[in-house]
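Chain and residue survey
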Amino acid sequence: MIVHGKPSRTVWLHPSQPSIIQVIDQRHLPFAWVIEDLSTVDQVATAIKDMHIRGAGCIGAVAGYGMYLAAIEASHDATPDAHLDRSAQKLVATRPTAVNLAWAVHRQLRALADQPDPAQKISTALTIATEIADEDVACCRAIGQHGLALIRDIAARKAPGEPVRILTHCNAGWLAFVDYGSATAPIYTAFEQGIPLHIWVDETRPRSQGARLTAWELGQHGVPHAIIPDNSGGHLMQHGLVDMVIVGSDRTTRCGDVANKIGTYLKALAARDNGVPFYVALPSSTLDWTMRDGVQEIPVEERDATEITHVEGWDGHRVTTVRVVPENSPAINHGFDVTPARLVTGLITERGISPASEEGLLQLYPEHRTE
Ligand code: MRU
């Protein structure tokens, strides 16, 4: 994506120090553009856990590079394989819901398993990390092309110049991946093709990824949008102001149940009640083929209550944090919810658009058939 006139990914190798990776520290957006250097596995684990970087695809890619740093550290360790295993466990434990994290770490562990030479391990780990990042970009580009067809269909039924109105939740944009994003890839592709668009951006409390990140991204790109409170979607749909919903996913089961940022399920219910198509855009690294029933099986992260009790913002001079609830009221902060497959119109993947069902997914990914 172009930021401040220059192309940028969300994670890359330091241009002159190859044992350092660099990420955009998303905690500072939209107020400041801060690049963070990460040179140890511990720093990578903290960056994921404390959400310097976030979003399923980005978490996976950064964890892939984290395992490259683990291979460098292991080369100085008396028990290199044990160090790699410890690093893998540490990274996987940082955030439980987005499956891309474990997927990337285990891909690295498999590639490194039968490589006794430390230098070879380091170079293999870098190759795999780069592959994970490049594949993520390619998948998001392909999702953009497949999703474009859906937007084009809606645009064709409208009067010339009338925008296609798309509602999205959280940030499934390029900041949540390495580039392009999942839910935003069809939006950016349609925008580049000159299709008039208007994006409803759910604020996405408590961390406001929609208001802070998606709105910033769309603004950088010049895509018309408006931030709405999380509770507005149903009202807009009842009044015919939403043509489609596109969201991302942190983990989707083989039967098509979708874990995504808390509040997604309510949007899917409202969409069903109002006949609005509800699409989920995801690369195959987000599919969990080991799980079937998302509500029962997907681990839902619970984060610190201060994310609810306190709000961060710009006071005109600096970023500041204020309490917005009574001093002693407890708060509960579930990070994600699960939208059952029956509420999902379709899954936009890098291989095409699938019904949200086991058979639909297996048509696109036959290598996961078990019988
Ligand atoms: O807690 P976050 O910001 O990591 O959650 C991100 C989301 O829920 C996104 O919608 C999701 O990752 C899908 S896009 C990768």
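The rules behind these values
- In every chain, residue numbers begin from 1 and rise along the written sequence.
- Only residues with pLDDT of 70 or above have their local features reported here, since the model is predicted, and side-chain atom pairs are shown and tallied only from 80 upward, although totals for entire chains, interfaces and linings are computed over all residues.
- Side-chain numbers here rest on the full set of heavy atoms in the structure, without hydrogens or water.
- Residue ranges for the domains trace back to a domain assignment, done automatically or taken from a database.
- Two residues qualify as a contact provided that any one of their heavy atoms is within 4.5 Å of a heavy atom in the partner residue.
- Using a 1.4 Å probe, buried area is obtained as the accessible area two parts lose upon being combined, added over both of them.
- Whenever a carboxyl oxygen of Asp or Glu lies within 4 Å of a side-chain nitrogen of Lys or Arg, that contact is scored as a salt bridge.
- In the analysis that follows, any N or O atom pair within 3.5 Å is treated as a polar contact, provided that within protein one partner can donate a hydrogen and the other can accept it, and provided that, for residues neighboring in sequence, both atoms belong to side chains.
- Runs of E in the DSSP output that reach at least two residues are strands. Runs of H or I that reach at least four are helices, and both are numbered from the N terminus.
- Exposure categories follow from relative accessible area, calculated using a 1.4 Å probe and restricted to protein chains: below 20% of the type maximum is buried, above 50% is exposed, and the middle band is partly exposed.
- Strand pairing follows a simple DSSP-based rule, namely that at least 2 bridges must link the two strands.
- Here, axes are lines fitted to C-alpha atoms. For helices the fit covers the stretch in contact, and angles between N-to-C directions go from 0 to 180 degrees.
- Expected helix span is computed as 1.5 Å times (number of residues minus one).
- Only residues whose relative accessible area exceeds 30% and that form no salt bridge are eligible for patches; like-charged ones are grouped when within 9 Å, while nonpolar side chains (Val, Leu, Ile, Met, Phe, Trp, Tyr) are grouped when within 5 Å.
- Note that accessible areas follow from Shrake-Rupley with a 1.4 Å probe, and for residues the cover is restricted to the protein chains shown.
- Two aromatic rings from Phe, Tyr or Trp, using only the six-membered ring of Trp, form a pair when their centres are within 6.5 Å; if the ring planes differ by under 30 degrees the pair is stacked, by over 60 it is edge-to-face, and anything between is tilted.
- Only when the NZ of Lys or the CZ of Arg is both within 6 Å of the ring centre and within 35 degrees of the ring normal is a charge said to sit over the ring.
- Nearness is judged by heavy atoms alone; a residue qualifies as near a molecule or strand once a single heavy atom is within 4 Å of it.

Taken domain by domain, the protein chain holds domain 1 (2-135) and domain 2 (150-368). Computed over C-alpha atoms, the centres of domain 1 and domain 2 are 25 Å apart. At the interface, 32 residues of domain 1 touch 33 residues of domain 2. The contact between domain 1 and domain 2 buries some 2700 Å² in all, and 58% of this surface belongs to carbon and sulfur atoms. The interface formed by domain 1 and domain 2 holds 1 salt bridge in total. The closest approach of N and O atoms between glutamate 301 and arginine 95, which form a salt bridge, is 2.8 Å. At the junction of domain 1 with domain 2, the criterion picks out 18 residue pairs in polar contact (both at pLDDT 80 or more).

Before going further, it helps to examine the environment of threonine 252. Tracing the backbone shows threonine 252 in strand β10 (residues 251-253). Relative accessible area serves as the criterion here: at 0%, threonine 252 is assigned to the buried category. Between the C-alpha atoms of threonine 252 and leucine 282, which are 30 residues apart in sequence, the distance is 8.5 Å. Filtering out sequence-adjacent residues up to four positions away, threonine 252 remains in contact with Asp257, Val258, Leu282, Thr286, Leu287, Asp288 and Leu347. Looking at threonine 252, its side chain comes within polar contact range of the side chain of serine 249, at 2.8 Å.

Below, the discussion takes up the sheet that holds strand β18 (residues 352-354). Here we have 7 strands laid out as an open sheet, ordered β8-β7-β6-β9-β12-β17-β18, and mixed in their pairing. Each edge of the sheet is formed by a strand with only one pairing partner; in this case those strands are β8 (225-228) and β18. Neighbour-to-neighbour, the strand axes of the sheet open up by a mean angle of 25°, direction not taken into account. Of the pairings in the sheet, the one linking strand β6 (residues 164-168) to strand β7 (residues 197-202) comprises 5 bridges and is parallel in character. For threonine 168, the partnering residue across the bridge sits in β7 and is valine 201. Contacting β6, β7, β9 (244-247), β12 (278-281), β17 (346-349) and β18, helix α5 (residues 118-156) crosses the sheet at an angle of about 135° to β17. Sitting on the sheet, helix α6 (residues 184-192) touches β6, β7 and β9, and the angle it makes with β7 is about 155°.

This part is about the sheet that holds strand β4 (residues 21-24). One key point about sheets: their strands pair by backbone hydrogen bonds, in either a parallel or an antiparallel sense. Across the sheet, which stays open at both edges, the 3 strands sit in the order β3-β4-β5 with antiparallel pairing between neighbours. Strands with a single pairing partner mark the edges of an open sheet, and in this sheet they are β3 (11-13) and β5 (35-38). Between one strand axis and the next, the sheet turns by 25° as a mean value, whatever way the strands run. Of the strand pairs in this sheet, β4 and β5 are connected by 4 bridges, and their pairing is antiparallel. Looking at the pairing, isoleucine 24 lines up with isoleucine 35 of β5. Sitting on the sheet, helix α1 (residues 41-49) touches β4 and β5, and the angle it makes with β5 is about 140°.

For an α-helix, 3.6 residues make a turn, and residues three or four places apart therefore share a direction. For helix α4 (residues 99-112), built from 14 residues, the straight-helix expectation of 20 Å at 1.5 Å per residue is met to within 8% by its first-to-last C-alpha distance of 20 Å. Buried residues along α4 sit against α1, α2 (56-74), α3 (80-92), α5, β10 and β13 (287-288).

Turning next to a nonpolar patch on the surface. Together, Phe31, Trp314 and Val319 give the surface a local cluster of nonpolar side chains, amounting to about 270 Å² of exposed area. Considering the arrangement of structural elements, one finds tryptophan 314 in strand β14 (residues 310-314). Looking at tryptophan 314, the relative accessible area reads 47%, which means it is partly exposed.

What follows deals with the packing of aromatic side chains. A full pass over the atoms with the stated rule returns 3 aromatic pairs. When the ring of tryptophan 33 is compared with that of tryptophan 216, the centres are 6.0 Å apart and the planes differ by 25°; the resulting orientation is stacked. Here tryptophan 33 is found in the loop between β4 and β5, whereas its partner tryptophan 216 is found in helix α7 (residues 209-221), with 183 residues between them in sequence. Using a relative accessible area of 30% as the deciding quantity, one classes tryptophan 33 as partly exposed. One Lys or Arg, lysine 261, reaches over the ring of phenylalanine 336 and ends 4.1 Å from the middle of that ring.

As a further point, take the site of the ligand. In the vicinity of the ligand, 19 residues are found, and the nearest of them are Arg95, Gln209, Asp250, Asn260 and Lys261. Between glycine 55 and the ligand, the recorded distance is 2.9 Å, taken from a backbone N or O atom to an oxygen atom. Contact between the ligand and glutamine 209: an oxygen atom at 2.8 Å from a side-chain N or O atom of the residue. Protein chains bury 100% of the 410 Å² of accessible surface belonging to the ligand in isolation. If you list the elements that add at least two residues to the shell around the ligand, you get α2 and β11 (258-261). Each of two domains, domain 1 (2-135) and domain 2 (150-368), supplies a minimum of three residues to the shell around the ligand.

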